[in-house]
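Summary of structural features
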Amino acid sequence: MDRTRELAAFLRTRRERLDPRDLGLPPRRQTRRTPGLRREEVAELAGVSVDYIVRLEQARGLRPSADVVEALARALRLLPDERAYLFDLARHRPRDADKLVTTATPPLARLVTDLSPLPAMLLNHRYDILAWNAEMARLLVDLDTLLPSQRNSMWLCLMHPRVREFYLDRERVVREGIAHLRATWAAHPDDRALTDLIAEFTAGNEDFARLWAERDVKINGRGRKVMRHPEVGVIAVQFETLRPLQDPDQLLVIYRAADEESQSALDRLCAR
């Protein structure tokens, strides 16, 4: 997990995905042998030299200033999450680097319990599950039976024999989780446990390794998941992820039934 090489690869992939026609660039006589923009076109749009772009994409030790990062983000038409990721790679985003949360804040843990009968859980930036209520345990898996190192929502989705077959649209769920995890990794460069977790997933799961290599970056705090529960059948949920102002490195995840049939299934499951 070399940040300089990741910065180089990220810039290169974002340059290659752009269509020069969409940026209003004049047509070139020379045939393009690679997709996307040429390095000289990015250099012109960002107001830097071509040699600077070459050195960045070859991971030759440059650390661009915040002004250059902003210019590159504009030139490459980065989306907000991608822009934040680029700033994180260049180590320019303000952050509380020492605050690596591993236990739930007591008021938030009580809130998770009070949210019943809505399934709810509290995560840290690594996706470690710090607190959960009975409804979430009934819906996913009895977290009390797992080792502490296994109480991680990404680990469950990738490695747990039951949960890995849980989602009907597993590819999308995993892809979105990885895109969020990549942004988190850039925001916490000194968290060795997070880096080790990503290395474990990359070595032990082909889906993770394939999707991680695509370098998607997206923070998805709201959406829909459809699950096939072994006891009550298909359940569709809407999820909402909230970040408390007092504890911004903890994420409160709340599920709600997406339709009447799913609500009925949840009611039957939690009544058992």
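Our subject is the structure listed above.
Just so you know, these numbers come straight off a predicted model, no measurement behind them. (Residues numbered from 1 in each chain as written. Predicted model: local features only at pLDDT ≥ 70, side-chain atom pairs only at ≥ 80, totals over all residues. Heavy atoms only, no water.)

Per the counting criterion, the structure on display carries five aromatic pairs. Note on Phe166 and Tyr167: the rings are 5.6 Å apart at their centroids and 75° apart in plane angle, and the pair reads as edge-to-face. Considered together, Phe166 and Tyr167 belong to a single accessibility category, that of buried residues. With centroids separated by 6.4 Å and ring planes inclined at 70°, the aromatic side chains of Trp185 and Trp212 adopt a geometry described as edge-to-face. Placement of Trp185 in helix H9 (residues 170-187) and of Trp212 in helix H11 (residues 206-212) is noted, with a sequence separation of 27 residues between them. (Phe/Tyr/Trp six-rings, centres within 6.5 Å; stacked < 30°, edge-to-face > 60°. Buried < 20%, exposed > 50% of the residue type's maximum accessible area, 1.4 Å probe, protein only. Helix = DSSP H or I, 4+ residues; strand = E, 2+ residues; numbered from the N terminus.)

What follows is about the pattern of salt bridges. Evaluated as defined, the whole model comprises 22 salt bridges. For Arg126, the salt bridge is made with Asp128, and the minimal N-O distance between the two is 3.6 Å. According to the relative accessible area criterion, Arg126 is buried, its value standing at 11%. For Arg210, the salt bridge identified is with Asp207, shortest N-O distance 3.4 Å. One end of the pair is Arg210 and the other is Asp207, both in helix H11 and three residues apart, which spans about a single turn. (Salt bridge = Lys/Arg side-chain N within 4 Å of Asp/Glu carboxyl O.)

Pairing is antiparallel across the open sheet formed by five strands, whose spatial order is S2-S1-S5-S4-S3. Strands at the two margins of the open sheet, each flanked by one partner only, are strand S2 (129-132) and strand S3 (222-229). In this sheet, adjacent strand axes meet at a mean angle of 30° when their direction is disregarded. Two strands pair when backbone bridges link them, and strand S1 (residues 120-124) and S2 are joined in this way by three bridges, in the antiparallel orientation. Following the sheet pairing, Leu123 is matched in S2 by Ile129. Sheet strands touched by helix H6 (residues 106-114): S1, S2 and strand S5 (250-257). Its angle to S1, the strand with the most contacts, is close to 150°. (Pairing = 2+ DSSP bridges. Axes fitted to C-alpha atoms, helices over the stretch in contact; angles between N-to-C directions. Contact = heavy atoms within 4.5 Å.)

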